[in-house]
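Observations on the three-dimensional arrangement
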Amino acid sequence: MLGKAKEIGNKQSLPCDRDYSKMSYGLLEKEKKGLDKLGKKGRIVLTVIASLFVGVANGLFGGGGGMLVIPIFTILLGLEEKLAHSSAILTILPLSLVSGIVYIVQGNFKIPDGLWVGGGVILGGLIGTFLMKKLSNNALKIVFYTLMIVAGVSTLIKNLG
Amino acid sequence: MQIFLLILAGIIGGIIGGMGMGGGTLLIPILTIFLDVPQKNAQAINLVAFIPMAIIVTIINIKRKGIDYKSVLLVAAPALVTSVISALLVKKISSKALSIGFAVFLIILGVAMMVDTLRKCIYAYMHKCRDEYINND
């Protein structure tokens, strides 16, 4: 069977067996080669530059930094997906702590509402961490990203309309 | 009723945040669109609410999944600097401008992640297609 696979590989007789065959972390082989050319130092420099944007998202928009951290971890630093997600939460923790203090000092944190939502977030967080194994479910991800786009468009309409 | 909805919004945001997908990306719009919380207040709630949740989830994650501390440090250190600077800038930006910026950020991020996921789906499908061809032959 392996010989057959090799034969197919050489002939490229299948329309479906071309560029995508050596994809990893969502990258095509030639893109991955481009990243490899950077070397270890280049990757670290790129990581630091990208991290600056993570901070901007966290401070300016009060969230969303975690979503930027995931591709940094998986693509630039080569972490496995679940390890990337658990590490991302710890990465955002100190950022939210300092940004949160700035927001509180500026008087943007309103006490009763914030505490109710916070209680819900803790409860939801516990559920979420045990659901992490569902991450491989691409359908779930697509639903989530669709909701993000819908939320973005709704926010735009609300503020421009 | 409002209290119930606030808790519910928190649970939804928390589930997504606990999965390490960035709960704020949905929690903030839920708060601003459905509960009429001003943008800056919604952002503050998300930041503050994330802290205890992240501590608890991280304690669980250390035991269950492990954490790559080197990578955490490499990203968190530079990000810490820009997060403080940009959090201080929020005071000078109007809530409306901030909302629009946030919306654009959400759309760009959503589309980019969607494209990435679809690419992975196609990759998985292509492999399945090849394996089936080999096995059936």
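This text goes with the structure placed above it.
Residues numbered from 1 in each chain as written. Chains lettered and ligands numbered in written order. Predicted model: local features only at pLDDT ≥ 70, side-chain atom pairs only at ≥ 80, totals over all residues.

**Regarding the overall build of chain B**
The secondary structure content of chain B amounts to five helices and zero strands. Order of helices (α) and strands (β) in chain B, N terminus to C terminus: α-α-α-α-α. Relative to a compact globule of 137 residues, whose C-alpha radius of gyration would be 14 Å, chain B shows 19 Å and is clearly more extended. In terms of its C-alpha atoms, chain B occupies a principal-axis envelope of roughly 65 × 35 × 35 Å. Relative to its 137 residues, chain B shows a buried fraction of 45%. Looking at chain B alone, contacts between residues at least 24 apart form 45% of all its contacts between residues at least 6 apart. (Helix = DSSP H or I, 4+ residues; strand = E, 2+ residues; numbered from the N terminus. Rg over C-alpha atoms; globule rule 2.2 N^0.38 Å. Buried ≥ 20, exposed ≤ 12 C-beta atoms within 10 Å, placed from the backbone. Contact = placed C-beta atoms within 7 Å.)

**Describing the nonpolar core**
Among the nonpolar cores identified, the biggest contains 68 residues, and V69 of chain A together with L31, I45 and V75 of chain B are the most heavily contacted of them. Residue contributions to this core reach at least three from each of two domains, namely domain 1 (1-68) and domain 2 (94-137) of chain B. Beyond its immediate chain neighbours, meaning those up to four positions away, V75 of chain B contacts T47, S51, V54, V69, I72 and T91 of chain A. (Core = buried A, V, L, I, M, F, W, Y, C linked by C-beta atoms within 7 Å. Domains from an automatic or database assignment.)

**Thoughts on helix α1 (residues 2-18) of chain B**
The terminal C-alpha atoms of α1 of chain B, which comprises 17 residues, lie 24 Å apart, in line with the 24 Å expected from a rise of 1.5 Å per residue. Those residues of α1 of chain B that fall on the buried side of the exposure criterion are L6, A9, G10, I11, G13, G14, I15, I16, G17 and G18 of chain B. The secondary structure elements touched by the buried residues of α1 of chain B are α5 (111-130) and α6 (138-160) of chain A together with α2 (24-34) and α3 (39-64) of chain B. (Expected span 1.5 Å × (residues − 1).)

**Things to note about the interface of chain A and chain B**
Contacts between chain A and chain B engage 94 residues on the former and 96 residues on the latter. Looking at the side of chain A that touches chain B, the elements that each hand over two or more residues are α1 (2-11), α2 (29-61), α3 (65-76), α4 (81-105), α5 and α6 of chain A. Broken down by element, the residue count for the side of chain A that touches chain B peaks at 21 residues, all from α4 of chain A. Residues that form the side of chain A that touches chain B fall into these classes: 54 nonpolar, 33 polar and seven charged. (Nonpolar A, V, L, I, M, F, W, Y, C, P; charged D, E, K, R; others polar.)

**A look at the environment of G152 of chain A**
Residue position: G152 of chain A is located in helix α6. Assessed through the 22 C-beta atoms surrounding it within 10 Å, G152 of chain A is described here as buried. C-alpha of G152 of chain A to C-alpha of E81 of chain A: the two residues are 71 residues apart in sequence and 26 Å apart in space. Those residues in contact with G152 of chain A that lie beyond four places of it in its chain are A103, L106, I107 and G110 of chain B.

**Points about unusual backbone geometry**
Phi is positive for D36 of chain B, which is not a glycine, with a value near 55 degrees. Considering the arrangement of structural elements, one finds D36 of chain B in the loop between α2 and α3.

**Let's talk about the environment of L6 of chain B**
The topology assignment puts L6 of chain B in helix α1. L6 of chain B gets classed as buried once you count the C-beta atoms within 10 Å, which come to 23. Sequence separation of L6 of chain B and G101 of chain B is 95 residues, and the distance between their C-alpha atoms is 24 Å. Each residue touching L6 of chain B, except ones within four places of it in the same chain, is listed here: D113, W116, V117 and G120 of chain A together with L35 of chain B.

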